[in-house]
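Residue-level structural notes
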Amino acid sequence: MNTMIPAWIDGTLTPTDKLLAHKKGLKHKAVSVFVVKGLDILLQRRALGKYHTPGLWANTCCTHPMWDEQASACAVRRMQEELGITGLYPEYRHRLEYRADVGNDLIEHEVVDIFLAHVHRPLKLMVNPDEVMDTRWVNYHDLIAEVARHPERFTPWLKIYLQNYADTIFGPDLIIASKS
């Protein structure tokens, strides 16, 4: 079954096959979520069966909304589907657009709604092995340093988010957390 995602074709938002959107580099909608606990960010390592960027570290979760699905509902749905996370309702942070080569002659040209969710208790994860091969919590500052030292370990979008939008995504939240 083909997954249909919202993509722009000739300037009109149109239900489009996900793989076709990536093959043609069509601009399409996406959702990304960062789950944070103090200064720590929950990362996922993409499963080896993913058709692009397998085995690379990414933000907590990301996906494409279904046709007519609200971005906030998509964020909640995808946290549950990929990581088994329930009971978190992430806060909208920013909308951004980027274009990146993700290998295998595929292009991500996304208009992404970014969400941030805070946890204040241990989080029980039930990882979907078709989506995620590993998870880890990493200190924000350590993550920035690791991406600088080993960029090949991370997805293009995570690098773009951290290099160009970190202040907007994490805003005062990490500054406040670092003082507590």
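In the nomenclature of an unreviewed UniProt entry, the protein chain is known as Isopentenyl-diphosphate Delta-isomerase of Parasedimentitalea maritima. Quoted verbatim from the Catalytic activity (unreviewed entry) field of the UniProt record, the comment on the protein chain reads "isopentenyl diphosphate = dimethylallyl diphosphate". According to UniProt, the comment filed for the protein chain under the heading Pathway (unreviewed entry) is "Isoprenoid biosynthesis; dimethylallyl diphosphate biosynthesis; dimethylallyl diphosphate from isopentenyl diphosphate: step 1/1."

Overview of the environment of Cys62
As for its placement among the helices and strands, Cys62 is situated in strand S6 (residues 61-63). Separated by 56 residues in sequence, Cys62 and Pro6 have C-alpha atoms that sit 15 Å apart. When residues no more than four places from it in sequence are discounted, the contact partners of Cys62 are Val31, Ser32, Arg78, Glu82 and Trp157.

Looking at the side chain of Asp113
With respect to the helices and strands, the residue Asp113 is situated in strand S8 (residues 107-118). Only 2.8 Å separates the side chain of Asp113 from the side chain of Arg95, close enough to count as a polar contact. Contact partners of Asp113, with chain neighbours within four places excluded, come to Ala30, Val31, Ser32, Ala71, Tyr92, His94 and Arg95.

So, the UniProt feature "binding site: Mn(2+)" (unreviewed entry) in the protein chain
Under the UniProt annotation, the feature "binding site: Mn(2+)" (unreviewed entry) is placed at His22, His28, His64, Glu108 and Glu110. A maximum C-alpha distance of 11.5 Å among these annotated residues, which run over 89 residues, shows that they cluster at one spot. Residue position: His28 is located in strand S3 (residues 27-37). Exposure remark for His28: the relative accessible area of 0% places this residue in the buried category. Contacts of His28, omitting those with residues within four sequence positions, involve Ile5, Pro6, Ala7, Trp8, Ala21, His22, His64, Glu108, His109, Glu110 and Val111. One polar contact links His28 to His22, side chain to side chain, over a distance of 3.4 Å. In contact with Glu110, not counting residues within four places along its chain, are His28, Ala30, His64, Leu96, Glu97 and Tyr98.

Remarks on the pattern of salt bridges
This structure, assessed with the given rule, holds 10 salt bridges. For Glu69, the salt bridge is made with Arg77, and the minimal N-O distance between the two is 2.8 Å. A relative accessible area of 18% places Glu69 in the buried class. A salt bridge links Glu81 to Arg78, with the nearest nitrogen and oxygen atoms 2.6 Å apart. One end of the pair is Glu81 and the other is Arg78, both in helix H2 (residues 71-83) and three residues apart, which spans about a single turn. On the basis of relative accessibility, which here comes to 29%, the residue Glu81 falls in the partly exposed class. Residues joined by salt bridges that share partners form a network here, namely Lys50, Glu69, Arg77, Arg78, Glu81, Glu82 and Glu131.

Procedures and definitions
Residues numbered from 1 in each chain as written. Predicted model: local features only at pLDDT ≥ 70, side-chain atom pairs only at ≥ 80, totals over all residues. Heavy atoms only, no water. UniProt positions renumbered as here; feature names shortened; annotations may be inferred. Helix = DSSP H or I, 4+ residues; strand = E, 2+ residues; numbered from the N terminus. Contact = heavy atoms within 4.5 Å. Polar contact = N/O pair within 3.5 Å; in protein donor to acceptor, adjacent residues only side chain to side chain. Buried < 20%, exposed > 50% of the residue type's maximum accessible area, 1.4 Å probe, protein only. Salt bridge = Lys/Arg side-chain N within 4 Å of Asp/Glu carboxyl O.

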